[in-house]
Amino acid sequence: MSRVKRRHSLPPFWLPKTTRTIYPEHITSENESFVKDVIEEQFSSPLKVNPWERGEWDKSSLRCGVIARKIGIYPMWTRDGSRMLTTLLQVSENHVIKYIPPEDLISHGTKRRYRELGALVVGADSLDPRIITKEYFSMFSETGIMPKKKMSKFLITPNAKLPPGTPLYASHFQPGNYVDIAGTTIDRGYQGVMKRWGFKGMPASHGVTKSHRRGGTIGSGGEKARVIPGQKMPGHMGREKRILRGLKIWRVNTLHNVLWVQGPAVPGGVGSYVYIYDSILPHRQPTSENHPPFPTFFQDEEDIEEELYDEELHAFNQPSIQFAEK
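The present account deals with the structure reproduced in this document. In every chain, residue numbers begin from 1 and rise along the written sequence. Side-chain atom pairs in this predicted model are given and counted only at pLDDT of 80 or more, local residue features only at pLDDT of at least 70, and totals for whole chains, interfaces and linings cover all residues. The basis for the side-chain values is all heavy atoms of the structure; hydrogens and waters are excluded.

Counting its secondary structure elements, the protein chain contains 5 helices and 13 strands. With C-alpha atoms as the basis for the radius of gyration, the globule rule is written as 2.2 Å multiplied by the number of residues raised to the power 0.38. In terms of C-alpha radius of gyration, the protein chain reaches 25 Å, well past the compact-globule figure of 20 Å for 326 residues. If you line up the protein chain on its principal axes, its C-alpha atoms span 80 × 75 × 55 Å. Buried positions account for 36% of the 326 residues belonging to the protein chain. The contacts in the protein chain between residues at least 6 apart in sequence include a share of 78% that link residues at least 24 apart. Numbering of helices and strands runs from the N terminus, with a helix taken as a DSSP run of H or I at least four residues long and a strand as a DSSP run of E at least two residues long. For every residue, the accessible area obtained with a 1.4 Å probe (protein chains only) is divided by the maximum for its type, and the residue is called buried under 20%, exposed over 50%, and partly exposed between those limits. It only takes one pair of heavy atoms within 4.5 Å for two residues to be counted as in contact.

Here you go:
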């Protein structure tokens, strides 16, 4: 087991501070509404540049991902009656903030495969520009969109680039697609060996004195006479970065931008952010016949149904029993 520190309680020094200290300005209700109207008018049209030429999909294409918020777990049923658990993920106010071409992204020691990839910076959940710092606001001033609460960078191929200000919706994925989801697990704090590693513990009685939940010996006998690195001991549990691969999307709600994803094991608690992108597993790769919308689905230009279901999933607005005529 690696002894490298896997979690940090403080943000890095190079990250600009997001919010500033708010002082009482004694603004009247009329002035407050006027300021809100000015902000909405200023950020009403995020696309400042002309639309870029849209690329075409091929086998080596790599699309952008989205940032979603985990909102709960919900059961679903397939057409044959089997029950399964799904996780609901809401894609909330996602916009493209910046495109970084491959020549500006490569660094010393970058692998050959990644030298051909660019990146898209995506933000989620708008913030009031009055409560953030000047340094943080400068990251969004050129784009013309509202400052974002959460940001992430996704590697893409140059044919999947999107202009800054492009909105991303849940229709970016279609039912039947397979995705990888990255997130941070729930922080459990300092825990003992029974909860952290699943130790059985000592007997509850009969000669055991104050050692019911202890881990026992941690040393090694003989010439070693030391604690081997990686020994399972009490310590900080949770708040680890985890990636689940090959999860199927069963249902998409385009009105509220909600995705129903396979399984209840998506990392993080309710309300936490996760990062969703196309699966990299070899047997889950899309084909030329059923590839997802490329570079994304432009929901403002095309019509789409409110509810999208997978072919194997039972829709509750359809009858569950059908009688055949003799």
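The subject of this paragraph is the environment of Gln-191. Along the chain, the position of Gln-191 falls in strand E8 (residues 187-191). Separated by 46 residues in sequence, Gln-191 and Met-237 have C-alpha atoms that sit 6.2 Å apart. Once residues within four sequence positions are removed from consideration, Gln-191 is found in contact with Arg-196, Pro-234, Gly-235 and Met-237. Polar contact is the term for a pair of N or O atoms within 3.5 Å; when the atoms are in protein, one must be able to donate a hydrogen and the other to accept it, and sequence-neighboring residues count only if both atoms are side-chain atoms. Within the local environment of Gln-191, its side chain forms a polar contact with the backbone oxygen of Arg-188, the two atoms lying 2.8 Å apart.

Let us look at the sheet that holds strand E6 (residues 167-168). Two orientations exist for strands paired in a sheet by backbone hydrogen bonds: parallel and antiparallel. In this scheme, strands are said to pair when DSSP sees at least two bridges between them. Spatial ordering of the open sheet is given by E5-E4-E3-E6, a layout of 4 strands whose pairing is antiparallel. If you trace the sheet from one side to the other, it starts and ends with strand E5 (148-156) and E6, each paired once. One ladder, built from 2 bridges, connects strand E3 (residues 94-100) with E6; its direction is antiparallel. Looking at the pairing, Asn-94 lines up with Leu-168 of E6. Convention adopted: a line fitted to C-alpha atoms gives each axis, helices being fitted over their contacting stretch, and angles between N-to-C directions are expressed from 0 to 180 degrees. Sheet strands in contact with helix H4 (residues 134-141) are E3 and E5, and its direction is about 50 degrees off that of E5.

Note on strand geometry: in a regular strand, side chains alternate between the two faces of the sheet. The sheet contact formed by strand E1 (residues 66-77) and strand E2 (residues 83-90) spans 8 bridges and is antiparallel. By the bridge assignment for E2, Tyr-74 is matched with Thr-86. Linking E1 to E2, which pair antiparallel, is a turn of 5 residues; within it Gly-81 sits at a positive phi near 95 degrees. Where E2 and strand E11 (residues 258-262) come together, 5 bridges link them in antiparallel fashion. Following the sheet pairing, Leu-88 is matched in E11 by Trp-260.

What follows covers the side chain of Ser-92. Looking at where Ser-92 falls in the secondary structure, it is placed in the loop between E2 and E3. Judged by its relative accessible area of 13%, Ser-92 falls in the buried class. Side chain to side chain, Ser-92 and Asp-125 meet in a polar contact 2.7 Å long. Filtering out sequence-adjacent residues up to four positions away, Ser-92 remains in contact with Ile-67, Ala-124 and Asp-125.

Quick look at the environment of Asn-31 now. Looking at the element boundaries, Asn-31 is found in helix H1 (residues 29-42). By relative accessible area, Asn-31 is classed as partly exposed at 42%. Spatially, the C-alpha atom of Asn-31 lies 44 Å from that of Tyr-74, the residues being 43 residues apart in sequence. In this structure the side chain of Asn-31 is engaged in a polar contact, spanning 3.2 Å, whose partner is the side chain of Thr-28.

Moving on, we get to the pairing of strand E10 (residues 241-253). By the bridge criterion, 6 bridges tie strand E7 (residues 178-184) to E10 in an arrangement that is antiparallel. By the bridge assignment, Gly-183 is partnered in E10 with Arg-242. Bridging between E10 and E11 involves 4 bridges; their strand directions are antiparallel. Residue pairing in the sheet places Ile-249 in a bridge with Val-261 of E11. In this structure, the hairpin formed by E10 and E11 is closed by a connection of 4 residues, where Asn-257 is found at a positive phi of approximately 55 degrees. Note: E10 against strand E13 (residues 307-309), 3 bridges, orientation antiparallel.

This part takes up the environment of Trp-57. With respect to the secondary-structure elements, Trp-57 resides in the loop between H1 and E1. On a C-alpha basis, the gap between Trp-57 and Val-227 in space is 54 Å, while along the polypeptide they are 170 residues apart. The residues contacting Trp-57, other than those within four sequence positions of it, are Pro-286, Thr-287, Ser-288, His-291 and Phe-294.

A few words on the pattern of salt bridges. The term salt bridge refers to a pairing of a side-chain nitrogen on Lys or Arg with a carboxyl oxygen on Asp or Glu at a separation within 4 Å. Evaluation of the coordinates by the stated rule reveals 10 salt bridges. Measuring nitrogen to oxygen at the nearest pair gives 3.3 Å for the salt bridge that ties Asp-310 to Lys-248. Of this pair, Asp-310 sits in the segment after E13 while Lys-248 is found in strand E10, placing the two residues 62 residues apart along the sequence. The exposure class assigned to Asp-310 is buried, which follows from its relative accessible area of 9%. One salt-bridge network, in which partners are shared between bridges, spans Glu-32, Asp-128 and Arg-130.

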